[in-house]
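Residues per chain, in single letters:
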Amino acid sequence: MNEVEKILAELKKNNYSPIYYLSGEVPYFIDLISNYIEENVLSEEEKAFNQQVIYGKDITIDSLIHYAREYPMMAQRRVIIVKEAQELSRTIAQLLPYVENPSPTTLLVLCYKYGKIDGKTKLAKELKKYVYFEGKKLYENDTAKWISSYLKESGYTITQIASQLLISFLGTDLSRIANELNKLKIILTKGTEITPAHIEQNIGISKDFNVYELQNAIGQKDIPKAIQIIKYFNENQKDNPIAMITENLYRYFRNLFIYSSSTGKSDAELAREMGINPYFLKDYRLAAAKYPLRKISFCMEVIKEADLKSKGVESGSISFYDILKELMVKILN
């Protein structure tokens, strides 16, 4: 059972903490916990007088402490949820007196997204006495495991290629991935193994023309296939933004650099360092035979240049297609 599951399990048993500090790089987990508290701790009748959802930019620490100190009305407890609590980062140290002596009848939930409080501060040390969650940045392999687990809970499975398709297209944004998977669960019967065909038919990600397939074409130096894919991207720019393409390609060559420069490591160690499923190491093994380290470094540089050009830096009026075509020529030659 992971940390999020443990927190939710305690909440479901009505074992409450006076303070929930939810932080880190994965907003999905922060929302999952805070939404459960918002929806389930108080009854609908109790929420009217005892539950407040506040945004960090709209409140001061003094006001927050005042609300948290108020007594519940016709209920056992109050719930105060501070969304976007990172907006209070400059003054949040002033919350220390409350954290040292919190109200036993209040659940104070601090949703501190895309960052965290300095762990060396007195405030952080006091917060750690309560529910203290710090979500770490997810890598592709972490995201793939989460996708499998998320689907398994509902009685579905997914192929590794289909999972990689989602990650290549949506990144590691679990909220977006969950949204697309929920659409599939409505359409597909329980027990279905989700394949690239399901994703193409129902989500709109082409199983043949996507960043993952472009990476494979590059790794195999399959020039006709790579050009075919970027032509498809050019015709479907809205669904294939250039920033997503360059980000994925840069990560691909970064991983290829790790693979090629590592010696004496097991497949498990390599996959962990690269943040990928060991299943995909075979693709990197084939690509490593075609790309020496110097060429890999060069590819990473020209991908950076292409990304800058797509943002208008020293690009003049060069088109979407010309940026990608020029990039493919530099990488594949």
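Residues numbered from 1 in each chain as written. Predicted model: local features only at pLDDT ≥ 70, side-chain atom pairs only at ≥ 80, totals over all residues. Heavy atoms only, no water.

Q: Could you give an account of the pairing of strand β5 (residues 131-135), naming the residues involved and the relevant values?
A: Burial runs high along β5: five of the five residues are buried. Neither face of β5 is open: one carries V131, F133 and G135, the other Y132 and E134, and all of them are buried. (Buried < 20%, exposed > 50% of the residue type's maximum accessible area, 1.4 Å probe, protein only. Helix = DSSP H or I, 4+ residues; strand = E, 2+ residues; numbered from the N terminus.)

Q: A description of the nonpolar core should follow, citing residues and the corresponding values.
A: Residues W146, L214, I218, F253, M328 and I331 are the most contacted members of the largest nonpolar core, which totals 88 residues. Top element by residues in this core is helix α13 (residues 242-261). It accounts for nine residues. One finds Y21, I65, V82 and A85 within the second-largest nonpolar core, a separate group that totals 25 residues. (Core = buried A, V, L, I, M, F, W, Y, C linked by side-chain atoms within 4.5 Å.)

Q: I'd like a description of the packing of aromatic side chains, backed by residues and values.
A: According to the stated counting rule, one finds 12 aromatic pairs in the structure shown. A centroid spacing of 5.7 Å and a plane angle of 80 degrees characterise the contact between Y212 and F280, whose relative ring orientation is edge-to-face. You can see Y212 sitting in helix α11 (residues 211-219) and its partner F280 sitting in the loop between α14 (267-274) and α15 (281-288), a full 68 residues away along the chain. Given a relative accessible area of 6%, Y212 falls into the buried group. Between K225 and the ring centre of F209, over which it is positioned, the NZ or CZ distance is 4.8 Å. Note that K282 overlies the ring of Y279, its terminal NZ or CZ placed 3.7 Å from the centroid. (Phe/Tyr/Trp six-rings, centres within 6.5 Å; stacked < 30°, edge-to-face > 60°. Lys NZ or Arg CZ within 6 Å of the ring centre and 35° of its normal.)

Q: Help me get a handle on the confidence of the model for the protein, residues and values and all.
A: Of all residues in the protein, 99% have pLDDT values of 70 or greater, and the mean over the chain is 94. When the elements of the protein are averaged for pLDDT, helix α8 (residues 160-170) gives the smallest value, 92, and strand β3 (residues 78-83) the largest, 98. (pLDDT = per-residue confidence, 0-100.)

Q: Give a detailed account of α11, specifying residues and quantitative values.
A: Across the nine residues that make up α11, a large majority, eight, are buried. The complete set of buried residues in α11 reads V211, Y212, L214, Q215, N216, A217, I218 and G219. You can read the cap of α11 off the contacts: a side-chain oxygen lies 3.0 Å from the backbone nitrogen of Y212, and it is on N210. Immediately downstream of α11, the backbone of K221 shows phi near 55 degrees, a positive value. (Polar contact = N/O pair within 3.5 Å; in protein donor to acceptor, adjacent residues only side chain to side chain.)

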